Amino acid sequence: MTETSLWKIAVDAPLPEALTYLQAPDLPPLQRGQLVNVPLGKRVTKGLVLGPSTATLDPEIKLKAVSSLDEEYPALPEHFIKWLEWLAQYYIHPVGQVVHLAYPRLERKEKVRKSKRPPVIPDIAADTPPELTPEQRQTVDAVASFDQFSSHLVFGVTGSGKTEVYLHLLEQTLAKGKTGIVLVPEISLTPQLIHRFVRRFGDKIAVLHSQLTDRERTTQWWEIIEGRKSILIGARSALFC
């Protein structure tokens, strides 16, 4: 048995560590970041390939093989996997369950009853961006001068124009062909922020938070993943998209 025939798989189950599975001979070589289907007890569950396993195994233990590859989802990028692994370690939570948060709850092809709820993104007429005040312009220029990751505290009382700073920074980000994420501390703040951003960016906005239905969350997830939306607004769960 070669080293690469054993793989560490983070399964969607309350287990403290990833499990070891065999590479099925009829499947292409696995790679870190792939989502796969694996047997767990009497059921089949999803799991993320974390990499080759070098564990020393008891010869009396019969390992199970990976059942199949999950063709629906793209492989997770390395920096995102490292973040998920860090989250699992920091919060002392099963890595497989942390990984599961990175995917929508429904399959894209799954049929569900149509919702009578209003659209997630409202249809609002565009507005004309106001001229920045000297203080806002100074803040935008200062933040935009950093090419690498950096954190900034924009201080101002309610109504002082902080949101306009964020809107201008996002305009600059989109102009460079990049995307943006806007996190809010509470879901209750999301609706008013959505209206403000839609008036500026129109149909480039996607939204993710816990009050959406599973179908709405799944649809918004794919809108971002496949590049049809450029700005994601949401609470903490939006980080997992």
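Residues numbered from 1 in each chain as written. Predicted model: local features only at pLDDT ≥ 70, side-chain atom pairs only at ≥ 80, totals over all residues. Heavy atoms only, no water.

### Quick look at the nonpolar core
- L48, Y73, L76, L84, V98, V99 and Y103 are the most contacted members of the largest nonpolar core, which totals 19 residues.
- Looking at this core, the elements that each hand over two or more residues are β4 (43–52), α1 (78–90), α2 (95–100) and α6 (214–225).
- Sorting elements by how many residues they give to this core places α1 first, with five residues. (Core = buried A, V, L, I, M, F, W, Y, C linked by side-chain atoms within 4.5 Å. Buried < 20%, exposed > 50% of the residue type's maximum accessible area, 1.4 Å probe, protein only. Helix = DSSP H or I, 4+ residues; strand = E, 2+ residues; numbered from the N terminus.)

### Describing the sheet that holds β4
- Taken in spatial order, the five strands of this open sheet run β2-β1-β4-β3-β5, and their pairing is antiparallel. The open sheet has two free edges, formed respectively by β2 (19–22) and β5 (68–69), since each of these has just one partner strand.
- Taken together, the two bridges between strand β3 (residues 35–40) and β5 define a ladder with antiparallel strand orientation. Following the sheet pairing, N37 is matched in β5 by S68. (Pairing = 2+ DSSP bridges.)

### Here we look at the packing of aromatic side chains
- For the structure on display, the rule yields 10 aromatic pairs.
- Residues W86 and Y90 carry aromatic rings whose centres are separated by 4.9 Å and whose planes lie at 20° to one another, so their mutual orientation is stacked. Here W86 and its partner Y90 are both found in helix α1, four residues apart, which amounts to about one turn of the helix.
- Residue Y90 is classed as exposed on the basis of its relative accessible area of 53%.
- Pairwise contacts between aromatic rings join Y73, Y103, W221 and W222 into one cluster. (Phe/Tyr/Trp six-rings, centres within 6.5 Å; stacked < 30°, edge-to-face > 60°.)

### Side note on the pairing of β3
- The element β3 is largely enclosed, with a buried count of six among its six residues.
- Burial along β3 is two-sided: the residues L35, N37 and P39 and V36, V38 and L40 are all buried.
- Sheet topology note: the β3/β4 ladder contains six bridges and is antiparallel. Residue pairing across strands places L35 opposite L48, the latter belonging to β4.
- In this antiparallel pair of consecutive strands, β3 and β4, the connection spans two residues, and G41 shows a positive phi of 65°.

### Thoughts on the pairing of strand β1 (residues 6–11)
- Counting buried positions along β1 yields five of six residues, so the element is predominantly enclosed.
- Of the pairings in the sheet, the one linking β1 to β4 comprises five bridges and is antiparallel in character. The residue of β4 that forms the bridge with K8 is G51.

### Notes on the pattern of salt bridges
- Under the criterion given, the structure shown has 13 salt bridges.
- Here D70 ties to K46 by a salt bridge, and the two come within 2.4 Å at their closest N and O atoms. Of this pair, D70 sits in the loop between β5 and α1 while K46 sits in strand β4, and the two are 24 residues apart along the sequence.
- Since its relative accessible area comes to 11%, D70 is described here as buried. (Salt bridge = Lys/Arg side-chain N within 4 Å of Asp/Glu carboxyl O.)

### Description of helix α5 (residues 190–201)
- Spanning 12 residues, α5 covers 16 Å between terminal C-alpha atoms, matching the ideal 16 Å at 1.5 Å per step.
- Every buried residue of α5 is accounted for by T190, L193, I194, F197, V198, R200 and F201. All buried residues of α5 project into a common sector of 160° when viewed along the axis, lining one side.
- Those residues of α5 hidden inside the fold are in contact with α4 (162–175), β6 (180–183), β7 (205–208) and β8 (231–234).
- At the C-terminal side of α5, G202 shows a positive phi close to 60°. (Expected span 1.5 Å × (residues − 1). Arc of directions from axis to C-beta. Contact = heavy atoms within 4.5 Å.)

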